[in-house]
Amino acid sequence: MTDLSMTKPPLLKVEHLTMRFGGLVANSDVSFVANSGEITAIIGPNGAGKTTLFNCITGFYTPTVGRMTLRHPDGKEFLLERMPGYRISQKASVARTFQNIRLFSGMSVLENLVVAQHNKLIKASGFSIAGLLGLPSYTKAEREAVDLAKYWLDRVRLLDFADWSAGNLPYGAQRRLEIARAMCTEPVLLCLDEPAAGLNPRESGELADLLTFIRDEHNTGVLLIEHDMSVVMTISDHVVVLDYGRKISDGDPDFVKNDPAVIRAYLGEEEDEELPPEVANDLPEVAKRAEEGA
Amino acid sequence: MTAISVSPPRSIDWPAILKEAAFTAFVALLLTVPLVGLRTVDRPTGLGLETRWNEVIAAVGLVFIGRLGLCLIREGQAGLVLVLAALAAAAGFFIQMPTEALRIMLIAGGAIIAIRAAIAVRTGRSKLTQAERDKRMDRIAAKVQHASRWLGPIAVLVALVFPMTPLADRQLLDIGILLLTYIMLGWGLNIVVGLAGLLDLGYVAFYAVGAYSYALLAHYFGLSFWLCLPLAGVLAAMSGVLLGFPVLRLRGDYFAIVTLGFGEIIRIILVNWYQFTGGPNGISGIPRPSFFGIADFVRTPPEGTLAFHELFGLEFSALHRIVFLYYLILVLALVVNVFTLRIRKLPLGRAWEALREDDIACASLGINRTNMKLAAFAIAAMFGGFAGSFFATRQGFISPESFTFIESAIILAIVVLGGMGSQIGVVVATLLVIGLPEAFRELADYRMLAFGMGMVVIMLWRPRGLLAHRDPTILLFGRKKDSSGGPAGGTAAAGGEGIAGGRAK
């Protein structure tokens, strides 16, 4: 791990990220790196602060403390915590999906994918002026956008449904469409928030194939929040484990699987764990009172 | 509702029906006594109360009979009710009644119940659930929308030819201008409400800005209409941006309230800035438009200029100017329409619709929400400004009275009743909302009653608007002949199911 990051600067470097909501600390001093062409999984029990971490990276929250550096393959660097939300996708090319699917459900599948290429297209349409005049430069840009959309629709096996309204698709298809939509923004980092939630085992398998494809063929860094361990452990190159907002483990899947800290977080403490002294001292007293009461 | 189609005719439970009808009549009594029965009148001695018990009795009686009719329809006696209601309406129409109110209520009430019964007779036979009926209605909306491809140009052609027919007298042309003004405003507001999904309750403010821009520029600087028209648009767009900056971060209801406030602020400024705007007295003597700055519509032009009729060698007619105004507003309205139809297929329009669907997902795709919303606001405001300066030049007199909240409400009603985002829906709704009250001007006070009833009926029958149906702006496979209810129809049908489900509860 270490010598690899020495030779190749990481795609995303999160340092000392802390996010507080009033008194609640959702993330506390989280640091990790994610590399291009790798799938980095973020796992942890419910309420561990995974989605908050995502919201910080994708600009929905501004972290209280910490730095997030995104480095494009061409060497451009972005400090994500200083950018307003929409710019993170527009300039830094970070795309995301949502835990509860957020498609434009009244619009058609193809429209969803074309809207995703908004920034490219609005420039080509001369901020609508060239588009209103029907200049060929825009027509060409739109054709290219449709071609890209077609490519991804084919990838996620939704090509036949291109003209359907997105809200009418079955659940699994909606999940795939959301990933396709995120990929249509041509991101360097794709953040997926529980993409396998609600999928059956066959669909999960397909999802794993799709994510490996995105990693290998498009050299995109994938950041993945997932509860489905069969998916996480088979496709991840690197796993980060959070619990109560802190990072408790970080490494390749085999290392994390056997890390005692992770096992404790997921399965709880061992039986013979010692009680804190003040509780232990009070126990006979409490038992006596209970007896008297009965 | 589903009871109509499910239950076969059975013995009628008269006591229960009578009880229900009596209860409804009692509620009607409680409502009509203060609303209809008492009326304040301005007397020389001060404010006085006038009672109108006849109307109250008529209303309560009508509600009682109407409820009875509805219950009978539910019990499967729709045919009988249909005949009786139709008879009542006919009786009201042909036989002299003691009071006018009774007669109108008889006609209106009888007609509504007859329509309801007729619907029950029809749908009672076809055993459809509410969801299926909604789907069918949506297919009809889709058909109308597809038909608008050829229906649209025909309508435009009819509108173009209309002033040349002998039918076109002063009154009809005036109604035509009024309708076209509201159609233009409806199309303008449709950009904000229908496409971008921002509930703007103060659209009339931009209308006012446009009207006062022209009136004041003409009054103080003597600028001509043709120079002021674009200026009014620019000023209205600027006021839209000005309002937009602080409020666009708000969402939903909060946003609506602020726009409502903005509408009122503009009106109150106009009322109170007496030295500049003339306050409640308004501005009179606003110059009429010339024929593109070439000729005026006057009988005897000043020295050295030509009048319109001289230019074309026609006999002078006061109608020329009206016809010109008619064509002017027709062109303005069509500009808005063409703009909206085109912008929907451009990234800006798609981004608006995406914002309406899911604003957070838009941010995650790198769409600058503020700029998109500001653009929608400014463009809609600009069209409102155009309409406003047209209004000022047509009336020749404006005052803050013309820009009250009720105007915003009517324009919004047109957009919502027509089906949000539907261009043809705006036209149909304008014909209903503005055209019907104009057509029934003789009914005086009762035309607002008819207006209200129309709104309630539409909202019961088509809760998402008359022609709520959305076609994708881009198709991969083109339009298939056989799948009118397939991909395209699916959009609204899904929503329709949701509503039907909600109503069944």
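Residues numbered from 1 in each chain as written. Chains lettered and ligands numbered in written order. Predicted model: local features only at pLDDT ≥ 70, side-chain atom pairs only at ≥ 80, totals over all residues.

On a plain count of helices and strands, chain A comes out with 13 helices and 10 strands. Each principal axis of the C-alpha atoms in chain A carries an extent, and together these give about 90 × 45 × 35 Å. Classification of the 294 residues of chain A by burial places 45% in the buried group. For chain A, restricting intrachain contacts to residue pairs at least 6 apart in sequence, the fraction spanning at least 24 positions comes to 67%. (Helix = DSSP H or I, 4+ residues; strand = E, 2+ residues; numbered from the N terminus. Buried ≥ 20, exposed ≤ 12 C-beta atoms within 10 Å, placed from the backbone. Contact = placed C-beta atoms within 7 Å.)

This next bit is on the overall build of chain B. A tally of helices and strands in chain B yields 20 helices and 4 strands. Across the 505 residues of chain B, 42% fall into the buried class. A fraction of 75% describes how many contacts in chain B between residues 6 or more apart in sequence connect residues 24 or more apart.

Accessible area lost on assembly of the parts is the figure often given for the size of an interface. Taken together, the contacts link 32 residues of chain A with 31 residues of chain B. Among the secondary structure elements, those contributing two or more residues to the side of chain A that touches chain B are α3 (85-90), α4 (109-115), α5 (118-124) and α6 (129-133) of chain A. Of the residues in the side of chain A that touches chain B, the class split is 12 nonpolar, 16 polar and 4 charged. (Nonpolar A, V, L, I, M, F, W, Y, C, P; charged D, E, K, R; others polar.)

For the rest of this paragraph, the subject is helix α7 (residues 136-155) of chain A. The α-helix winds at 3.6 residues per turn, so residues separated by three or four positions along the chain end up facing the same way. All names here are of chain A. Taking 1.5 Å per residue, 20 residues should reach 28 Å; α7 reaches 29 Å between its end C-alpha atoms and fits that length. Every buried residue of α7 is listed here: Tyr138, Ala141, Glu142, Ala145, Ala149, Trp152 and Leu153. Buried positions in α7, seen along its axis, are confined to an arc of 120 degrees and lie on one side of it. Across from the buried face of α7, at angles greater than 90 degrees, the exposed residues are Pro136, Ser137, Lys140, Arg143 and Asp147. Immediately downstream of α7, the backbone of arginine 157 shows phi near 55 degrees, a positive value. (Expected span 1.5 Å × (residues − 1). Arc of directions from axis to C-beta.)

The next thing to look at is the domain arrangement of chain B. Structurally, chain B comprises domain 1 (3-128) and domain 2 (170-403). Centre-to-centre separation of domain 1 of chain B and domain 2 of chain B, based on C-alpha positions: 42 Å. (Domains from an automatic or database assignment.)

Residues and elements named next belong to chain A. Judged by pairing direction, the sheet is antiparallel, and its 4 strands sit side by side in the order β2-β1-β4-β5 without closing on themselves. If you trace the sheet from one side to the other, it starts and ends with β2 (24-34) and β5 (77-79), each paired once. Sheet twist, expressed as the average angle between the axes of neighbouring strands with direction ignored, equals 20 degrees. As judged from the 3 bridges shared by strand β4 (residues 65-71) and β5, these two strands associate in the antiparallel manner. (Pairing = 2+ DSSP bridges. Axes fitted to C-alpha atoms, helices over the stretch in contact; angles between N-to-C directions.)

Let's shift gears to the pairing of strand β7 (residues 189-193) of chain A. All names here are of chain A. Of all 5 residues in β7, 5 are buried; the element is thus mostly enclosed. Of the two faces of β7, both are covered, the one formed by Leu189, Cys191 and Asp193 as well as the one formed by Leu190 and Leu192. The pairing of strand β6 (residues 94-96) with β7 spans 3 bridges and is classified as parallel. Bridge pairing in β7 places valine 94 opposite leucine 189. For β7 and strand β8 (residues 221-225), the ladder comprises 5 bridges, and the chain directions are parallel.

This part is about the sheet that holds β8 of chain A. Residues and elements named next belong to chain A. With respect to topology, 6 strands assemble into an open sheet ordered β6-β7-β8-β3-β9-β10, the strand pairing being mixed. The sheet is open, and its two edges are formed by β6 and β10 (246-251), each paired on a single side. Strand-to-strand, the axes of this sheet are offset by a mean angle of 20 degrees, without reference to chain direction. Across the face of the sheet, helix α9 (residues 201-218) comes into contact with β3 (39-43), β7 and β8 while running at roughly 150 degrees to β8.

What follows concerns the confidence of the model for chain A. Residue and element names in this part refer to chain A. Taken residue by residue, chain A gives an average pLDDT of 83. The fraction at 70 or more is 95%. Of all helices and strands in chain A, the one with the weakest mean pLDDT is helix α1 (residues 2-7) (50), whereas α4 scores best (91). Taken as a whole, residues 1-5 scores under 50 in pLDDT and shows 2 contacts with residues more than four places along the chain or in a different chain. (pLDDT = per-residue confidence, 0-100.)

A few words now on the environment of glycine 198 of chain A. All names here are of chain A. Tracing the backbone through its elements, the reader meets glycine 198 in the loop between β7 and α9. Judged by local crowding, glycine 198 falls into the partly exposed class, with 13 C-beta atoms found within 10 Å. Separated by 26 residues in sequence, glycine 198 and glycine 172 place their C-alpha atoms 7.7 Å apart.

This part covers the domain arrangement of chain A. Residue and element names in this part refer to chain A. Assigned domains within chain A: domain 1 (2-93 + 187-293) and domain 2 (103-185). Centre-to-centre separation of domain 1 and domain 2, based on C-alpha positions: 30 Å. At the junction of the two partners, domain 1 supplies 12 residues and domain 2 supplies 10 residues. At the level of elements, α3, β7 and α9 are the ones that each hand at least two residues to the side of domain 1 that touches domain 2. The element best represented in the side of domain 1 that touches domain 2 is α9, accounting for 3 residues. A class-by-class count of the residues in the side of domain 1 that touches domain 2 yields 7 nonpolar, 4 polar and 1 charged.

On to the packing of helix α2 (residues 14-37) of chain B against helix α3 (residues 53-74) of chain B. Residues and elements named next belong to chain B. Put simply, α2 and α3 touch, their axes get as near as 8 Å, and they point 150 degrees apart. Classified by the interaxial angle, the pair formed by α2 and α3 is roughly antiparallel. Pair α2 / α3 crosses with right-handed handedness. Residues Ile17, Glu20, Ala21, Ala22, Thr24, Ala25, Ala28, Leu29, Thr32, Val33, Val36 and Gly37 of α2 lie in contact with α3, whose contacting residues are Trp53, Glu55, Val56, Ala59, Val60, Val63, Phe64, Arg67, Leu68 and Cys71. Across the contact of α2 with α3, the residue classes tally to 16 nonpolar, 3 polar and 3 charged. (Parallel < 35°, antiparallel > 145°, perpendicular 65-115°, else oblique. Left-handed = near helix turned anticlockwise from the far one by under 90°.)

Further remarks concern the nonpolar core. In a soluble, globular protein the nonpolar side chains are often hidden away together inside. If you look at the biggest cluster of nonpolar residues, it comprises 185 residues, and the most contacted ones within it are Ala180 of chain A together with Met184, Tyr207, Ala208, Ala215, Ile329 and Ala376 of chain B. Residue contributions to this core peak at 15 residues, all from helix α16 (residues 369-395) of chain B. When near neighbours in sequence (up to four residues on either side) are disregarded, alanine 180 of chain A contacts Leu113, Trp152, Leu153, Arg155, Val156 and Leu158 of chain A. One finds Leu68, Ala85, Ala88 and Met105 of chain B within the second-largest nonpolar core, a separate group that totals 27 residues. (Core = buried A, V, L, I, M, F, W, Y, C linked by C-beta atoms within 7 Å.)

Residues and elements named next belong to chain B. At leucine 31, α2 is bent by approximately 35 degrees, the largest bend along its length, and proline proline 34 sits one to four residues beyond. Turning to α2, its buried residues are Ala21, Ala25, Ala28, Thr32, Val36 and Gly37. Buried positions along α2 lie against β1 (38-43), β2 (46-51) and α3. (Bend = angle between axes of the 7 residues up to and from the residue.)

In this section: the environment of threonine 40 of chain B. All names here are of chain B. Tracing the backbone through its elements, the reader meets threonine 40 in strand β1. Residue class for threonine 40 comes out exposed when judged on the 9 C-beta atoms lying within 10 Å of it. With residues up to four places along the chain from it excluded, the contact list for threonine 40 reads Leu47 and Leu49.

Take the packing of helix α7 (residues 170-195) of chain B against helix α17 (residues 405-418) of chain B next. Residue and element names in this part refer to chain B. The contact between α7 and α17 brings their axes to 9 Å, and the two run at 70 degrees. Of the possible angle classes, the one that applies to α7 and α17 is roughly perpendicular. Judged by the twist between their axes, the crossing of α7 over α17 is right-handed. Contacts between α7 and α17 pair Tyr182, Leu185, Gly186, Leu189, Asn190, Val193 and Gly194 from the former with Ile411, Leu412, Ile414, Val415 and Gly418 from the latter. Among the residues making up the contact of α7 with α17, the classes are represented as 8 nonpolar, 4 polar and no charged.

On to unusual backbone geometry, then. Residue and element names in this part refer to chain A. Phi at aspartate 29 is positive, roughly 50 degrees, even though this residue is not glycine. Within the secondary structure layout, aspartate 29 lies in strand β2. Judged by local crowding, aspartate 29 falls into the partly exposed class, with 14 C-beta atoms found within 10 Å. If you check the backbone angles, tyrosine 244 has positive phi at about 45 degrees while not being a glycine. Relative to the helices and strands, tyrosine 244 is located in the loop between β9 (238-243) and β10. We classify tyrosine 244 as partly exposed; it has 15 C-beta atoms within 10 Å.

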